[in-house]
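# Examining the three-dimensional arrangement
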Amino acid sequence: MNREPLEPVTDAQVRAFREDGAICLRRVFDADWIEALRAAVDDDIASPGPMVRLNTPAGNPGRFFVDFQLWQRHDACRKAALASPLPAIAARLLASTRVNWYHDHLLVKEPGTLERTPWHHDFPYYPLQSDGELDGVASFWLPLDPVPRDTAVEYVRGSHRWGKRYAPKFFRKEAAFDTAAVPVEEVPDIDAQRDRYEFLGWDMAPGDVIAFTGLTLHGAPGNRALDRRRRAWALRYLGERVRWSERPGTVSPPIEGHGLKDGDAIGGPLFPRAWPQTS
Ligand SMILES: O=C(O)CCC(=O)C(=O)O
C-alpha cells in the first residue's frame, strides 16, 4: 500500500484547488488500497455504525446508504485516514504545517438508485470556525468503483469564493437543520439555471480522488446504471487555523465525546494529528 501518490501532485494542481475549489488527482491509491477499502466498506454495509442513514425511501429501487466514522471500526480505513498519501496532500493544499483528521463519510449508491445528493457545501454542517484564506477543510472523494462523469459528484467552479454560507440540509428529506447559529441563506436552485455556472466533474477510476474545499458547492445524481455500484468514501482534514465552534442545534456528523470547547484548537483522540505523520 503506497504512502506517496503514484502520480505526484503538481504545483499547478495546488493552485487549481485554491482557484477552482475542486481538482481531480489521478492514481493516488494503488490497487491494494482499493481492495482493502472495498472489503472494509462491504463489511460496514453488512454491519453499519451508529450513525448509519438510509436515504432511499422504502419501495424505491437501489439504495443510497450513508455511514460515518469507518476509521474507528476498520483498520484499512484508519490507515487510509492517517497513513496514506492523503494527509501530506491535505497539508499542501491547505498550506498548513499541520493537519488533523476530522471525519469520514461513506456514500454508496447501489445500482438503480434514483436519489440525488442535493447541492450543498460542507462547512456549515460543521461546528468549526476558520480564519484561514480558504476555510481550512480539505475533503477527498474516493470512489471504489469506476464512476463515469454523469454519475460522479460535480462541483460548481469557484463557488468557495462566493463568500456564502448556505443552510445545511439532511440529504434524505432535504429538510433544514434545526439551528439558529448558522446562516440560513438557501442554496440557489443550481439545476434550474445551469447555464449560469461552470461545473467541474470527471470520469473516475478507483485510485483517483477529487480534492475539494469545505465551501465548494457540490451535488451528485443517482446511480441509474443497473450493472454498476457507486461506492464512494469521503475523508476530511483540517488545517491549523481551524478552531472548534460550539453551537446549538444540529451538526453533522454528530461526533460526541471530543471534549473540545468553543475556540479550542482541533485535537485529541477523535481528531488526531495526521500530518506531520507520527508513524
Ligand atoms: O457521494 C456523494 O454523492 C456526495 C459526496 C459529498 O457530498 C461529500 O463528499 O461531501
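In what follows, the accompanying structure is described. (Residues numbered from 1 in each chain as written. Predicted model: local features only at pLDDT ≥ 70, side-chain atom pairs only at ≥ 80, totals over all residues. Heavy atoms only, no water.)

### Quick notes on the sheet that holds strand E9 (residues 199-200)
- If you walk across this open sheet you meet the 4 strands as E5-E11-E8-E9, and the pairing is antiparallel. Unpaired on one side and paired on the other, strand E5 (117-120) and E9 mark the two borders of the sheet.
- In this sheet, E9 lies alongside strand E8 (residues 154-156) in antiparallel orientation, the contact comprising 2 bridges. Each bridged residue has a counterpart across the sheet, and for Tyr155 the counterpart in E9 is Leu200. (Pairing = 2+ DSSP bridges. Helix = DSSP H or I, 4+ residues; strand = E, 2+ residues; numbered from the N terminus.)

### Looking at the packing of helix H2 (residues 31-46) against helix H3 (residues 75-82)
- Closest axis-to-axis distance for the H2/H3 pair is 8 Å, and the angle between their directions is 130°. Overall, the two elements H2 and H3 adopt an arrangement that is oblique. You can see that H2 and H3 cross each other, and the crossing is left-handed. In this structure, H2 contributes Trp33, Ala36, Leu37 and Ala40 to the contact, and H3 contributes Ala76, Cys77, Lys79 and Ala80.
- Per-class residue counts for the contact of H2 with H3 are 7 nonpolar, no polar and 1 charged. (Axes fitted to C-alpha atoms, helices over the stretch in contact; angles between N-to-C directions. Parallel < 35°, antiparallel > 145°, perpendicular 65-115°, else oblique. Left-handed = near helix turned anticlockwise from the far one by under 90°. Contact = heavy atoms within 4.5 Å. Nonpolar A, V, L, I, M, F, W, Y, C, P; charged D, E, K, R; others polar.)

### A short note on the site of the ligand
- Surveying the vicinity of the ligand reveals 13 residues, the closest of which are Thr117, Trp141, His218, Arg230 and Arg236.
- Within the side chain of His120, one N or O atom sits 3.1 Å away from an oxygen atom of the ligand.
- When isolated, the ligand has an accessible area of 290 Å², and the protein chains bury 100% of it.
- In this structure, the ligand is accommodated by the largest pocket.
- Counting residues per element, the ones that place at least two in the shell around the ligand are strand E4 (99-109), E5, strand E11 (218-220) and strand E12 (230-239).
- Considered class by class, the residues forming the shell around the ligand number 6 nonpolar, 3 polar and 4 charged. (Near = heavy atom within 4 Å. Polar contact = N/O pair within 3.5 Å; in protein donor to acceptor, adjacent residues only side chain to side chain. Areas by Shrake-Rupley, 256 points an atom, 1.4 Å probe, with all protein chains shown as cover. 1 Å grid on protein atoms, 1.4 Å probe; cavity = no way out; pocket = protein on both sides within 12 Å on 5 of 7 lines; lining within 4 Å. Sits in = over half its atoms within 2 Å of the grid points.)

### Here's the deal with the pattern of salt bridges
- Per the stated rule, a full pass over the model turns up 20 salt bridges.
- One salt bridge connects Glu154 with Arg194, and the closest N-O pair in it is separated by 2.9 Å. Of the two residues, Glu154 sits in strand E8 while Arg194 sits in the loop between E8 and E9, which places them 40 residues apart along the sequence.
- As a salt-bridge pair, Arg194 and Asp191 come within 3.1 Å of each other at their nearest N and O atoms.
- Note on Asp191: relative accessible area 33%, which makes it partly exposed. (Salt bridge = Lys/Arg side-chain N within 4 Å of Asp/Glu carboxyl O. Buried < 20%, exposed > 50% of the residue type's maximum accessible area, 1.4 Å probe, protein only.)

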